[in-house]
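# Structural description and commentary
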Amino acid sequence: MTFTEWFIFFLVVQVIHFAGTWKLYQKAGRKAWEAMIPIYNAVILMKIIHRPWWWVILLFIPIVNLIMFPVIWVETLRSFGRKSTADTWLAILTLGFYIYYINYTQDVKHVKDRNLKPATTAGEWVSSILFAVVAATIVHGYLMQPFTIPTSSLEKTLLVGDYLFVSKFHYGARIPQTPIAFPMVHDTIPVAGIKSYSTEPQVPYLRLPGFEEVKKNDIVVFNWPVDTVNAFQQYGDGKYYHKPIDKKSNYVKRCVAVAGDSLEIIEGKVFINGKQLQLSERAKPQYSYEGTTDGQQLNAQYMYQMYDITDGFYFNSATNEFVISALTEQTAQRLRNNPYIKSLERRIYPEEQKSASLFPNDNKKRYNLDYFGPIYIPEEGKTVAITPESLPFYRRIIEVYEGSEMGIDNTISLNGTQVLLNGKPIESYTFKQNYYWMMGDNRHNSEDSRSWGYVPYNHVVGKPVFIWFSKDKYASGFFDGIRWDRMFTTVKGDGKPVSYLPYFLILVVIFFGFNYFRNRKKSDS
């Protein structure tokens, strides 16, 4: 739905509200016309049902309003003496239209001084749970979202099993594009294994102002751009699905190039605008290594423990050769000092060895993981020439990211050497948003922009800021696998991460101690 369609829908809702409540407004001592004015009518309704004015704000927050509307329907009925269980269920099951019946057929009176406290313990529990869900949904959707590191693409910097808090407000929180969705889950309802959202209607892309822009070296959580995942096997229904932007799979990588940059990878090293990218102090890039021993057999468990290898060790006892899939340069130097190691060299794909599976995914062998580019990172407002040669790099941007995902039907075709957009010749294109190049620090074991290309700005979710829990998933016991030194550490910063867990525990003790003595003082008085 476009903004115009949503505005028309909003006006229709206002008409429906006026038609179903104007008599109730009058019975509450208000004017009938007050039920007609958008937003103002909601403020007046809050006064009628004796609820705070800021509830109106909750009615305009996607997903939160799915919880608030039934609450408002029930509260409206109770403000006019209809508080039976049957009235409550009728309001919910009829999507509020039961109020029409009360408005036109029932002689009800406004209860001016009704008791707002739930009449039963069950009612009090339901009320508390509802508003806990509302508060958590707001925090989850607009402030902080929990996130788990599922793969080793950023290993050493972020570990598999790290549980993060991802800030939505650093880059600006997005308004959910799927307003009808189960709160606080992503694309699937846990346990049930079914879709958590409705693809219709969809809200046009809109992002709240942020405090900073995405910068080089930032670790970023984003929606995987190519995740239209046509077959959702976890749903088990065999159907095909196209996922809206905000329901695409969440990925976390390092931003190595921003809009307007020119990127090139030479011997696995990233160069931006002709200069080698200087990674932050905490970044721990890893590369593949191969080597030989002097005849000594290398035990895998020994290598994992002594050299903190996290991703792939293979030893050929017949040739005394070994391969390590991921190793930092510092650890590689330590390994060279081992007297049993005869040779150790970084494995670099030769420049002439090219892969057809990498971006721009046009089945042409252009690049490999260690030799890539140069390639331009599109910037909002900048114009590029569109030719048959350049088209593969920008086709998905034009057709999808700035086409179908924005409600625009863009179709690219070729007529000989002429590129056609929607049947008309096109020689250039101006980008409508910024793009980024995301890569994992585990250079040979990361599915990143080298595989699927640019990340559009409207796919950016947030910035990881805090590790609140960390556990080695391979550890046998729960407590054995907890990485205590990583708990309550910041993601960004210089030097070795420092755990703030002791300070947090002290604050918890102070908080509960203060509450205990305060409640005890109240009971004594």
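Just so it is clear, the structure is predicted and the values come from calculations on it, not from any experiment.

To continue, consider the overall build of the protein chain. For the protein chain, the helix and strand inventory stands at 12 helices and 23 strands. Expressed along its principal axes, the backbone C-alpha trace of the protein chain runs to roughly 95 × 75 × 40 Å. In the protein chain, which comprises 525 residues, the proportion classed as buried is 46%. A fraction of 65% describes how many contacts in the protein chain between residues 6 or more apart in sequence connect residues 24 or more apart. Surface accessibility of the protein chain: about 27,800 Å² in total, with carbon and sulfur atoms responsible for 60%. Averaging the positions of the 57 positive and the 48 negative side-chain charges in the protein chain gives two centres separated by 9 Å.

Taken in spatial order, the four strands of this open sheet run E9-E8-E7-E14, and their pairing is antiparallel. Of all the strands in the sheet, just strand E9 (275–276) and strand E14 (372–376) have a single pairing partner and so form its edges. As defined by bridge partners, strand E8 (residues 269–272) adjoins E9 across two bridges and the pair is classed as antiparallel. Residue pairing across strands places isoleucine 272 opposite lysine 275, the latter belonging to E9.

In this section: the sheet that holds strand E17 (residues 418–421). Taken in spatial order, the three strands line up as E16-E17-E18 in an open sheet, and their pairing is antiparallel. The open sheet is flanked by strand E16 (412–415) and strand E18 (424–425), the only strands paired with a single partner. By the bridge criterion, two bridges tie E17 to E18 in an arrangement that is antiparallel. Its bridge partner lying in E18, leucine 420 is registered against proline 425. Set on the sheet, helix H10 (residues 391–401) makes contact with E16 and E17; between it and E16 the angle comes to about 140°.

What follows deals with the packing of aromatic side chains. Scanning the entire structure with this criterion turns up 31 aromatic pairs. Taken together, a centroid distance of 6.2 Å and an interplanar angle of 35° make the contact between phenylalanine 313 and phenylalanine 322 tilted. Grouping residues by exposure puts phenylalanine 313 and phenylalanine 322 together as buried. Plain terms: the ring middles of tyrosine 436 and tyrosine 457 are 6.4 Å apart, the flat faces sit at 55° to each other, and that makes the pair tilted. Of this pair, tyrosine 436 sits in strand E20 (residues 435–439) while tyrosine 457 sits in the loop between strand E21 (455–456) and strand E22 (460–470), placing them 21 residues apart in sequence. Judged by relative accessible area, which is 5%, tyrosine 436 ranks as buried. Through pairs of rings, three or more aromatic residues link up here, namely Phe359, Tyr367, Phe372, Phe393, Tyr394, Tyr401, Tyr429, Phe431, Tyr435, Trp437 and Tyr454.

Turning to unusual backbone geometry, a few remarks are in order. Going from glutamate 200 to proline 201, the amide bond is cis rather than trans, its omega being -5°. Structurally, proline 201 can be placed in the loop between strand E4 (194–195) and strand E5 (219–223). The peptide bond linking phenylalanine 359 to proline 360 adopts the cis configuration, its omega dihedral lying at 15°. Looking at the secondary structure, you find proline 360 in the loop between strand E13 (341–346) and E14. Within the chain, methionine 184 stands out as a residue other than glycine whose phi angle is a positive 65°. Positionally, methionine 184 belongs in the loop between strand E2 (162–167) and strand E3 (188–189). Since its relative accessible area comes to 37%, methionine 184 is described here as partly exposed.

It is worth spelling out the side chain of serine 449 at this point. In this fold, serine 449 is placed in helix H11 (residues 449–452). Among the polar contacts listed, one links the side chain of serine 449 to the backbone nitrogen of methionine 438, at a separation of 2.9 Å. Excluding residues within four positions of it along the chain, serine 449 makes contact with Phe359, Tyr436, Trp437, Met438 and Val455.

Glancing now at helix H2 (residues 40–48). Taken together, the buried positions of H2 are occupied by Asn41, Ala42, Ile44, Leu45, Met46 and Ile48. Looking at the buried residues of H2, the elements they touch are helix H1 (3–27), helix H3 (55–58) and helix H4 (64–78). Just beyond H2, the residue with positive phi is histidine 50, at close to 65°.

Under the counting rule described, the total for this entry stands at 19 salt bridges. Its salt-bridge partner being glutamate 75, residue arginine 114 comes within 2.6 Å of it at the nearest N-O pair. Pair noted here: arginine 114 is in the loop between helix H6 (98–105) and helix H7 (121–142) and glutamate 75 is in helix H4, with a separation of 39 residues, a long-range link. Judged by its relative accessible area of 14%, arginine 114 falls in the buried class. With its nearest N and O atoms 3.1 Å apart, the salt bridge here joins lysine 216 to aspartate 261.

Let us look at the nonpolar core. Generally speaking, nonpolar side chains in soluble globular proteins are found buried as a group. In terms of nonpolar packing, the biggest core is built from 35 residues, with Met46, Ile48, Trp55, Leu58, Met68 and Ile72 touching the most fellow members. Of the residues forming this core, the biggest block, eight residues, is contributed by H4. In terms of nonpolar packing, the next biggest core, distinct from the first, is built from 33 residues, Ile377, Ile412, Ile426 and Tyr454 among them.

The subject of this paragraph is the environment of isoleucine 138. Following the sequence through the fold, isoleucine 138 ends up in helix H7. Relative accessible area serves as the criterion here: at 23%, isoleucine 138 is assigned to the partly exposed category. C-alpha separation for the pair isoleucine 138 and proline 183, spaced 45 residues apart in sequence, amounts to 9.5 Å.

We now examine the confidence of the model for the protein chain. Per-residue confidence for the protein chain gives a mean pLDDT of 87, with 94% of residues at or over 70. Contacts from residues 231–236, a stretch scored under 50 in pLDDT, to residues over four places away or in other chains number 16 contacts.

Calculation criteria
- Residues numbered from 1 in each chain as written.
- Predicted model: local features only at pLDDT ≥ 70, side-chain atom pairs only at ≥ 80, totals over all residues.
- Heavy atoms only, no water.
- Helix = DSSP H or I, 4+ residues; strand = E, 2+ residues; numbered from the N terminus.
- Buried < 20%, exposed > 50% of the residue type's maximum accessible area, 1.4 Å probe, protein only.
- Contact = heavy atoms within 4.5 Å.
- Areas by Shrake-Rupley, 256 points an atom, 1.4 Å probe, with all protein chains shown as cover.
- Lys, Arg positive; Asp, Glu negative; His and termini not counted.
- Charge placed at Lys NZ, Arg CZ, Asp CG, Glu CD.
- Pairing = 2+ DSSP bridges.
- Axes fitted to C-alpha atoms, helices over the stretch in contact; angles between N-to-C directions.
- Phe/Tyr/Trp six-rings, centres within 6.5 Å; stacked < 30°, edge-to-face > 60°.
- Polar contact = N/O pair within 3.5 Å; in protein donor to acceptor, adjacent residues only side chain to side chain.
- Salt bridge = Lys/Arg side-chain N within 4 Å of Asp/Glu carboxyl O.
- Core = buried A, V, L, I, M, F, W, Y, C linked by side-chain atoms within 4.5 Å.
- pLDDT = per-residue confidence, 0-100.

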